[in-house]
Amino acid sequence: MDWTHYRFRSLWPLPAECAAVYQALERVEEYPRWWPQVRAVSRLNDTTGIITIRSVLPYDMTFTARETRRDPAAGVLEIAMSGDIEGWSRWTVTADGTGTLARYDQVVDVSKPLLRRLAVPGRPFFRANHRLMMRAGRRGLLGHLQAV
(Lines give C-alpha, C1' and ligand atoms only; values in the text may rest on other atoms or scores of the structure.)
Protein backbone atom coordinates (compact mmCIF):
# COMPACT_ATOMS: atom_id res chain seq x y z
CA MET A 1 0.00 0.00 0.00
CA ASP A 2 1.23 3.49 -0.84
CA TRP A 3 0.60 5.42 2.38
CA THR A 4 0.89 8.76 0.56
CA HIS A 5 -1.94 7.97 -1.89
CA TYR A 6 -5.45 9.14 -1.00
CA ARG A 7 -8.93 8.81 -2.46
CA PHE A 8 -11.62 11.04 -1.01
CA ARG A 9 -15.33 11.43 -1.68
CA SER A 10 -17.61 13.94 -0.02
CA LEU A 11 -21.32 14.40 -0.62
CA TRP A 12 -22.85 17.78 0.10
CA PRO A 13 -26.67 17.86 0.01
CA LEU A 14 -27.64 21.51 -0.35
CA PRO A 15 -31.09 23.16 -0.36
CA ALA A 16 -30.30 25.31 -3.41
CA GLU A 17 -30.68 25.15 -7.17
CA CYS A 18 -28.03 23.32 -9.18
CA ALA A 19 -27.13 26.43 -11.17
CA ALA A 20 -26.44 28.46 -8.02
CA VAL A 21 -24.28 25.71 -6.50
CA TYR A 22 -22.35 25.23 -9.74
CA GLN A 23 -21.75 28.98 -10.09
CA ALA A 24 -20.44 29.21 -6.52
CA LEU A 25 -18.12 26.23 -7.01
CA GLU A 26 -16.72 27.49 -10.31
CA ARG A 27 -15.69 30.81 -8.71
CA VAL A 28 -12.65 29.37 -6.99
CA GLU A 29 -11.16 32.79 -6.29
CA GLU A 30 -14.12 33.41 -3.94
CA TYR A 31 -13.62 30.21 -1.88
CA PRO A 32 -11.65 32.00 0.88
CA ARG A 33 -14.73 34.16 1.54
CA TRP A 34 -16.88 31.20 2.55
CA TRP A 35 -14.49 28.26 3.07
CA PRO A 36 -12.22 29.05 6.03
CA GLN A 37 -9.66 26.36 5.23
CA VAL A 38 -9.03 27.74 1.74
CA ARG A 39 -6.53 30.37 2.82
CA ALA A 40 -5.58 31.88 -0.55
CA VAL A 41 -6.36 31.61 -4.25
CA SER A 42 -4.19 33.44 -6.78
CA ARG A 43 -5.22 33.27 -10.42
CA LEU A 44 -2.37 32.85 -12.90
CA ASN A 45 -4.67 32.91 -15.94
CA ASP A 46 -8.21 31.86 -16.93
CA THR A 47 -7.62 28.17 -16.20
CA THR A 48 -4.81 28.02 -13.65
CA GLY A 49 -4.22 29.27 -10.13
CA ILE A 50 -2.31 28.66 -6.94
CA ILE A 51 -4.30 27.54 -3.91
CA THR A 52 -3.21 27.34 -0.28
CA ILE A 53 -5.27 25.32 2.19
CA ARG A 54 -4.97 24.61 5.90
CA SER A 55 -7.39 22.71 8.09
CA VAL A 56 -7.06 21.77 11.77
CA LEU A 57 -3.56 20.29 11.65
CA PRO A 58 -0.75 22.88 11.71
CA TYR A 59 0.47 22.70 8.12
CA ASP A 60 -0.33 24.52 4.90
CA MET A 61 -0.61 22.78 1.56
CA THR A 62 -0.04 24.78 -1.60
CA PHE A 63 -0.69 23.50 -5.09
CA THR A 64 -1.25 24.67 -8.61
CA ALA A 65 -4.75 23.92 -9.85
CA ARG A 66 -5.25 23.67 -13.61
CA GLU A 67 -8.76 23.37 -14.98
CA THR A 68 -9.17 20.22 -17.07
CA ARG A 69 -12.94 20.21 -17.46
CA ARG A 70 -15.67 22.82 -17.06
CA ASP A 71 -19.02 21.47 -18.21
CA PRO A 72 -22.02 23.38 -16.84
CA ALA A 73 -24.51 21.17 -18.73
CA ALA A 74 -23.14 18.06 -16.99
CA GLY A 75 -22.49 19.92 -13.73
CA VAL A 76 -18.79 18.98 -13.75
CA LEU A 77 -15.76 20.98 -12.66
CA GLU A 78 -12.42 19.17 -12.69
CA ILE A 79 -8.83 20.20 -11.99
CA ALA A 80 -5.37 18.70 -12.09
CA MET A 81 -3.21 19.50 -9.07
CA SER A 82 0.55 19.74 -8.70
CA GLY A 83 2.68 20.88 -5.79
CA ASP A 84 2.27 19.65 -2.21
CA ILE A 85 -0.36 17.27 -3.60
CA GLU A 86 -0.39 15.71 -7.07
CA GLY A 87 -3.52 14.37 -8.71
CA TRP A 88 -7.00 15.55 -9.56
CA SER A 89 -10.30 16.58 -8.05
CA ARG A 90 -13.80 16.87 -9.46
CA TRP A 91 -17.08 18.47 -8.42
CA THR A 92 -20.21 16.91 -9.88
CA VAL A 93 -23.36 18.92 -9.22
CA THR A 94 -26.74 17.20 -9.75
CA ALA A 95 -30.36 17.77 -8.84
CA ASP A 96 -31.43 16.01 -5.65
CA GLY A 97 -35.13 16.29 -4.89
CA THR A 98 -35.83 19.99 -4.38
CA GLY A 99 -32.14 20.77 -3.86
CA THR A 100 -28.73 19.82 -5.14
CA LEU A 101 -26.11 17.18 -4.41
CA ALA A 102 -22.52 18.38 -4.83
CA ARG A 103 -20.22 15.38 -5.03
CA TYR A 104 -16.50 15.91 -4.53
CA ASP A 105 -14.02 13.25 -5.66
CA GLN A 106 -10.30 13.56 -5.22
CA VAL A 107 -7.39 11.23 -5.98
CA VAL A 108 -4.00 12.54 -4.88
CA ASP A 109 -0.51 11.62 -3.86
CA VAL A 110 1.10 13.72 -1.15
CA SER A 111 4.45 15.14 -2.21
CA LYS A 112 5.06 17.56 0.70
CA PRO A 113 8.17 16.12 2.41
CA LEU A 114 6.95 16.44 6.01
CA LEU A 115 3.66 14.69 5.23
CA ARG A 116 5.47 11.95 3.33
CA ARG A 117 7.70 11.31 6.37
CA LEU A 118 4.64 11.12 8.61
CA ALA A 119 2.60 9.06 6.13
CA VAL A 120 2.11 5.91 8.19
CA PRO A 121 1.48 7.29 11.69
CA GLY A 122 -0.26 10.40 10.38
CA ARG A 123 -2.65 8.81 7.90
CA PRO A 124 -5.72 8.64 10.19
CA PHE A 125 -5.13 12.24 11.27
CA PHE A 126 -4.71 13.41 7.67
CA ARG A 127 -7.98 11.71 6.69
CA ALA A 128 -9.81 13.22 9.68
CA ASN A 129 -8.31 16.62 8.80
CA HIS A 130 -9.74 16.32 5.29
CA ARG A 131 -13.19 15.35 6.63
CA LEU A 132 -13.21 18.39 8.92
CA MET A 133 -12.19 20.64 6.06
CA MET A 134 -14.95 19.30 3.83
CA ARG A 135 -17.55 19.59 6.59
CA ALA A 136 -16.59 23.24 7.13
CA GLY A 137 -16.68 23.82 3.37
CA ARG A 138 -20.25 22.56 3.14
CA ARG A 139 -21.33 24.78 6.03
CA GLY A 140 -19.59 27.76 4.45
CA LEU A 141 -21.13 27.15 1.04
CA LEU A 142 -24.57 26.77 2.59
CA GLY A 143 -24.20 30.13 4.33
CA HIS A 144 -22.85 31.72 1.16
CA LEU A 145 -25.77 30.42 -0.92
CA GLN A 146 -28.29 31.69 1.63
CA ALA A 147 -26.66 35.15 1.63
CA VAL A 148 -26.68 35.50 -2.15
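Refer to the structure printed above.
Reading the values: the criteria
Residues numbered from 1 in each chain as written. Predicted model: local features only at pLDDT ≥ 70, side-chain atom pairs only at ≥ 80, totals over all residues. Heavy atoms only, no water. Helix = DSSP H or I, 4+ residues; strand = E, 2+ residues; numbered from the N terminus. Rg over C-alpha atoms; globule rule 2.2 N^0.38 Å. Buried < 20%, exposed > 50% of the residue type's maximum accessible area, 1.4 Å probe, protein only. Contact = heavy atoms within 4.5 Å. Areas by Shrake-Rupley, 256 points an atom, 1.4 Å probe, with all protein chains shown as cover. Lys, Arg positive; Asp, Glu negative; His and termini not counted. Charge placed at Lys NZ, Arg CZ, Asp CG, Glu CD. Pairing = 2+ DSSP bridges.

Right, let's get into the overall build of the protein chain. Helix and strand content of the protein chain: four helices and seven strands. Mapped in sequence order, the helices and strands of the protein chain form the string β-α-α-β-β-β-β-β-β-α-α. For a compact globule of 148 residues, the expected C-alpha radius of gyration is about 15 Å, and the protein chain comes in at 15 Å, within 12% of that figure. The dimensions of the protein chain, computed from C-alpha atoms along their principal axes, are 45 × 30 × 25 Å. When burial is assessed residue by residue, the protein chain has 43% of its 148 residues classed as buried. Long-range pairs, those at least 24 residues apart, make up 51% of the contacts in the protein chain between residues at least 6 apart in sequence. Accessible surface computed for the protein chain: about 8,100 Å², of which carbon and sulfur atoms make up 54%. A gap of 7 Å separates the mean positions of the 21 positive and 15 negative side-chain charges of the protein chain.

Let's shift gears to the pairing of strand β6 (residues 85–96). Summarising the sheet, strand β5 (residues 76–83) and β6 pair through six bridges and their orientation is antiparallel. Pairing of glutamate 78 across the sheet is with arginine 90, part of β6. Joining the antiparallel neighbours β5 and β6 is a turn of one residue. Counted along the chain from β6 to the antiparallel partner strand β7 (residues 99–110), the turn is two residues long, and its residue glycine 97 has a positive phi close to 65°.

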